Amino acid sequence: MIDSAYAFIPLIVAAALTLLVFIFLIVIAIRKTAKVSFVFFLALAALLAGMVFTFLNREPTFLYLMIFLASILMLPYAVLKSFVKQEDRSKRNQSNSSNTVTQKRLNIVYNDEDISILDVNRQFIFTTAESFNNPQGLPPLLENFGKKIVELTHADGSLIVVLDDFEDILNVKNLTGNFIPCYEIPENIPHKPQRVEMNMRYMQFALKGNIFGEILSSNKAEMINEPNKDSRIFKNGDEDFLKPGAYIFIPLYVNDSPVGVMGLSKNPESGDFTEAEFDSAKRLGEFVSASIKATSIHNEIVERFSLAKEGEIAGNVQKSLIPAKLPAIPGISIGTFFNPAENICGDYYDVMVSRKDRISFVMADVTGKSLNSMGIMLQLRAMLRLIINTTQSAGTILTWANRGISSENNTVDHFASVALLIYDSINKKIQFSSGGTNPIFIFGADSKLKEISGSQEPVGVEKNTEYADNEITVNSGDIVITCTDGLLEALNGDGRQYSKANLENIVKQFHSLDGKAIANKIKDDVKKFCGTAALHDDQSLLVIKIK
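Residues numbered from 1 in each chain as written. Predicted model: local features only at pLDDT ≥ 70, side-chain atom pairs only at ≥ 80, totals over all residues. Heavy atoms only, no water.

(A) Representation of the overall build of the protein chain. A count of helical and extended segments in the protein chain gives 15 helices and 18 strands. Relative to its full complement of 547 residues, the protein chain shows a buried share of 44%. Relative to all contacts within the protein chain whose residues are 6 or more apart in sequence, the contacts with residues 24 or more apart total 67%. By element, 53% of the accessible surface of the protein chain is carried by carbon and sulfur atoms, the whole surface being about 28,300 Å². (Helix = DSSP H or I, 4+ residues; strand = E, 2+ residues; numbered from the N terminus. Buried < 20%, exposed > 50% of the residue type's maximum accessible area, 1.4 Å probe, protein only. Contact = heavy atoms within 4.5 Å. Areas by Shrake-Rupley, 256 points an atom, 1.4 Å probe, with all protein chains shown as cover.)

(B) View of the nonpolar core. With 45 residues, the main nonpolar core has Phe 361, Val 362, Leu 380 and Leu 384 as its most contacted residues. If one sorts the elements of this core by residue count, strand β12 (residues 416-424) sits on top with seven residues. With near-sequence residues (within four places) excluded, Leu 380 lies in contact with Tyr 348, Ala 364, Ala 401, Ile 405, Ala 416, Val 418 and Val 459. Judged by nonpolar contacts, the second largest core, of 26 residues, contains Leu 175, Ile 180, Cys 182 and Ile 224. (Core = buried A, V, L, I, M, F, W, Y, C linked by side-chain atoms within 4.5 Å.)

(C) A look at unusual backbone geometry. The phi torsion at His 154 lies on the positive side, around 60°, for a residue other than glycine. Topologically, His 154 is positioned in the loop between α7 (138-153) and β3 (157-163). Positive phi, normally seen in glycine, also occurs at Ser 499, with a value near 75°.

(D) Representation of the sheet that holds strand β7 (residues 247-254). Reading across from one edge, β5-β4-β3-β8-β7-β6 is the order of the six strands in this open sheet, with antiparallel pairing throughout. Each edge of the open sheet carries a strand with a single partner, namely β5 (204-206) and β6 (222-224). Recorded for the sheet is a direction-independent mean angle of 25° between the axes of neighbouring strands. The pairing of β3 with strand β8 (residues 257-265) spans six bridges and is classified as antiparallel. Each bridged residue has a counterpart across the sheet, and for Ser 158 the counterpart in β8 is Leu 264. Against the sheet, α7 engages β3, β4 (169-177) and β8, with an angle of about 55° to β4. Seen against the sheet, helix α8 (residues 193-201) touches β3 and β4 and runs at an angle of roughly 135° to β4. (Pairing = 2+ DSSP bridges. Axes fitted to C-alpha atoms, helices over the stretch in contact; angles between N-to-C directions.)

(E) Structural view of the pattern of salt bridges. For the structure shown, the criterion picks out 14 salt bridges. Between Arg 283 and Asp 279 there is a salt bridge, and its shortest N-O distance comes to 2.5 Å. Within this pair, Arg 283 and its partner Asp 279 are both found in helix α10 (residues 275-321), separated by four residues, close to a single helical turn. For Asp 279, a relative accessible area of 28% corresponds to the partly exposed category. (Salt bridge = Lys/Arg side-chain N within 4 Å of Asp/Glu carboxyl O.)

(F) Examining the pairing of β7 more closely. The element β7 is extensively covered by neighbouring structure, given that seven of its eight residues are classed as buried. Looking at chain direction, β6 and β7 are connected through three bridges and run antiparallel. Looking across to β7, one finds that Ile 224 is bridged to Tyr 247. Judged from the eight bridges that link them, β7 and β8 form a sheet pairing that is antiparallel. When the bridges of β8 are listed, Ile 248 appears paired with Leu 264.

(G) Main features of the packing of aromatic side chains. All told, the structure shown has seven aromatic pairs when counted by the stated rule. Between Phe 212 and Phe 249 the ring centres are 5.7 Å apart and the planes differ by 85°, which places this aromatic pair in the edge-to-face class. Taken together, the residues Phe 212 in helix α9 (residues 211-218) and Phe 249 in strand β7 connect sequence positions 37 residues apart. By the burial criterion, Phe 212 is buried, and Phe 249 matches it. Seen from their ring centres, Tyr 247 and Phe 249 are 5.6 Å apart, and the 15° between their planes marks the pair as stacked. You can call Tyr 247 buried: its relative accessible area is 0%. Classification of Phe 249 as buried rests on a relative accessible area of 0%. Members of the aromatic cluster, joined through ring pairs, are Phe 179, Tyr 183, Phe 205, Phe 212, Tyr 247 and Phe 249. Its end group placed over the ring of Phe 278, Lys 282 keeps NZ or CZ at 4.4 Å from the ring centre. (Phe/Tyr/Trp six-rings, centres within 6.5 Å; stacked < 30°, edge-to-face > 60°. Lys NZ or Arg CZ within 6 Å of the ring centre and 35° of its normal.)

(H) Seen up close, the environment of Leu 321. Looking at where Leu 321 falls in the secondary structure, it is placed in helix α10. Of the residues examined, Leu 321 reaches a relative accessible area of 6% and is grouped as buried. Put simply, Leu 321 and Leu 378 are 57 residues apart on the chain and 8.4 Å apart in space, counted from C-alpha to C-alpha.

(I) Main features of the side chain of Asp 424. Secondary-structure assignment places Asp 424 in strand β12. Buried and unpaired, Asp 424 has no salt bridge, with Lys 429 as the nearest side chain of opposite charge at 7.1 Å. (Lys, Arg positive; Asp, Glu negative; His and termini not counted.)

(J) Broad picture of the sheet that holds strand β16 (residues 470-473). The five strands lie next to each other as β10-β11-β12-β13-β16, forming an open sheet whose pairing is antiparallel. Of all the strands in the sheet, the pair left with one neighbour each is β10 (347-355) and β16. Across the sheet, the axes of successive neighbouring strands diverge by a mean angle of 15°, strand direction being ignored. Where helix α12 (residues 394-405) meets the sheet, it contacts β11 (358-366), β12 and β13 (429-435), and its direction lies at approximately 30° from that of β13.

(K) Molecular detail of α8. Of the residues making up α8, those classed as buried are Val 196, Asn 199 and Met 200. In a view along the axis of α8, the buried residues occupy a sector of 100°, so they form one face of it. Looking at the packing, one finds that the buried side of α8 touches β3 and β4. (Arc of directions from axis to C-beta.)

Right, here's the structure in full:
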């Protein structure tokens, strides 16, 4: 969301210039002083629409999508101009025969009619753009392309395999018509047409040991009209539907970046592929490569927007769990410090006042920073708030909460470090229990920061864990501190941790201050210690000063 009015001055100027260019292009088209591709009009219209929408709604997301769409519209045109050679004007005007040859080089021959490659390009652009709104993504787009490719090349079948983004594997993404298997069919697949076709739709190919991997690695298109003489074409059996015919294999690349392989096949009775069909297949492969890449980029952008939105929502929910204002409690002063590393934070703390002899403090650190972690945090908070209002001890409360989080019906594999303290202001006693890595310290009259928490499993690991009860008597001036490990393990530029020693030094220096002031001093010291080093984990602190 853009709030400043001044931020729109460059946008208004850019929109005005874009409109001016659009008008000039119309004038050029009317006067025919030069050829103007319709792609430029579509790209400029998309940009102009994005700018107007952004200005009216103060929301830049639509502008980003329009910029992306304009780029996609220009990409096939740029690919065409980069790969298709055109004769200069003087050579094109030398003779009618040379004009005919040049025209055929730019056309795909189909049913004795010349179909302009630009017309095909236009169809592919619109099909790709329409696929952006299809939640099924790439498969429907490639199905459309497969049908068109088979039609234009007179093939009987086509197979498109796409390179996996994370593994060196080619996955079949589209099978159109009757593509005769050129690879070895697995032994457990019966040689029946339906079973072989079903297996082919879910096949994966390595980058070695098969013709698809070899074509992609060599980045060289091949036409094979004599498959029985090519050792790379596997002969699967004597059944008619398995007898290989002619093949074309096209490597799919975008700017030297591998995308996949497109294969075309003809049945033996359909004859050989011609050079014209081979040439058409290579040009169509360029369009398919660009469309696959564009769709992949679009899906990544949409996914990032979606994750960012989910993260923002989850972050807002998480922040709502942190007390907006600490309660005023007679006899103690409280200070806190909360510094999340990301939108979705694993830390949370809570302060709950049931009565004068039962004031509860929670410091929790849930593993992970996903929406599943957020779910565990919400469950844990709800359970603790419910049980704390009973008369049960701190250890029993943690034990019950652990059973709820570790329930057999809970399929989410997450756990939490929890420190629970219950303060009795009448008897000046603190009952406490903990599980995981959140330490509990006390700073008393001896001017030493002592860790009083024990070592037990985090909440959610083992359903039958019983958490221990502990109790200490506190005096005026005592300081009780609990925090998450993100604070003590915070790193500076040299890779050193903040550690308990630094925490103790600050508490010694400023122990005479109230809880809030001590927490602020610790916060400033941690920030100074870390400097410009990146924050790797959430940092949370709770300081309780006994008056």
